[in-house]
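Commentary on secondary and tertiary structure
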Amino acid sequence: MKAKKLTGEKATDYIKDGMIIGLGTGSTAYYAIKKVGEMVRNGLKIKAVPTSKETADLALSEGIELIDLAEAKSLDLTIDGADEVDPDFNLIKGGGGALLREKIVASATDKLIIVVDESKLVDNLGSTFKLPIEVTPFSWKYTQQMIEKFSCDSEIRKEAGEIYKTDNGNYILDCDFGKIEDPIKITTELNKLPGVVENGIFAEMAEIVIVGYNDGHVEVLEK
Ligand SMILES: O=C(CO)[C@H](O)[C@H](O)COP(=O)(O)O
């Protein structure tokens, strides 16, 4: 928890008056949002685009002004968490189910800042975390069969015994590919499949990765 707080708060050093920023989702982004709230109450003037309903609720409760992506057009920076980060700053995201909105917001962003604790650093994506893939409810079992042709095992995400629904009304398949050697190839191939809405590989999107360590230090990695 200490490492997440350190990295989340450190990322807010990049925020300047007048910026439009993207706010990520999850327990690490939480600390960045809380800090942004404090900064706003101390006079910082920014507007923000949230990546989930959960983040929108938190940001509003912190007094942060929210705007729609269409109104923002482009974002100065986005602060978001990740489930895995490889040495080239490729990511797996979607543990919190917000990958679609997160990827849209990340793609509209000049600078994507990723905040993680040290446990998220891996040599290869897929080493510790299954790849979340958002799929349409209409065809999810058929789409699952097509995804499994890429030699992965997958399971439909459930919450309290029920199929989990994203903010967009879709389902998530958590897919075990083992170690992913070529993240760009996999993300391109997966997104060609009918019924796949988006997958959780964020390849070549992050510019800065801030790592919090349990011993209390923070490392800023830049491309
Ligand atoms: O991608 C995400 C949500 O869809 C999160 O950023 C990711 O799951 C990391 O979350 P946490 O900071 O709680 O470990």
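Cut-off values and rules
- Residues numbered from 1 in each chain as written.
- Predicted model: local features only at pLDDT ≥ 70, side-chain atom pairs only at ≥ 80, totals over all residues.
- UniProt positions renumbered as here; feature names shortened; annotations may be inferred.
- Helix = DSSP H or I, 4+ residues; strand = E, 2+ residues; numbered from the N terminus.
- Rg over C-alpha atoms; globule rule 2.2 N^0.38 Å.
- Buried ≥ 20, exposed ≤ 12 C-beta atoms within 10 Å, placed from the backbone.
- Core = buried A, V, L, I, M, F, W, Y, C linked by C-beta atoms within 7 Å.
- Contact = placed C-beta atoms within 7 Å.
- Pairing = 2+ DSSP bridges.
- Axes fitted to C-alpha atoms, helices over the stretch in contact; angles between N-to-C directions.

An unreviewed UniProt entry annotates the protein chain as Ribose-5-phosphate isomerase A of Halanaerobium praevalens. UniProt, in its Subunit (unreviewed entry) section for the protein chain, records the words "Homodimer." Under the Function (unreviewed entry) heading, UniProt states for the protein chain: "Catalyzes the reversible conversion of ribose-5-phosphate to ribulose 5-phosphate."

Brief notes about the overall build of the protein chain
Within the protein chain, the secondary structure is distributed over 7 helices and 15 strands. Here the protein chain has a C-alpha radius of gyration of 17 Å; the compact-globule value for 223 residues is 17 Å, and the two agree. For the protein chain, the spread of C-alpha atoms along the three principal axes comes to 55 × 35 × 35 Å. In the protein chain, which comprises 223 residues, the proportion classed as buried is 47%.

Here we look at the nonpolar core
Judged by nonpolar contacts, the single largest core of 50 residues is most densely connected at A32, I114, V115, I133 and V209. A total of 6 residues in this core trace back to one element, the largest contributor, which is helix α2 (residues 29-41). With residues up to four places along the chain from it excluded, the contact list for V115 reads T7, G8, A11, T28, A29, A32, I79, G81 and I210.

Comments concerning the sheet that holds strand β12 (residues 196-199)
Across the sheet, 4 strands lie side by side as β8-β11-β7-β12; this open sheet has antiparallel pairing. Every interior strand has two partners, whereas the edge strands, β8 (153-156) and β12, have only one. In this sheet, adjacent strand axes meet at a mean angle of 30 degrees when their direction is disregarded. Helix-sheet contacts for helix α5 (residues 99-107) involve β7 (131-135) and β12, and the interaxial angle to β12 is about 65 degrees.

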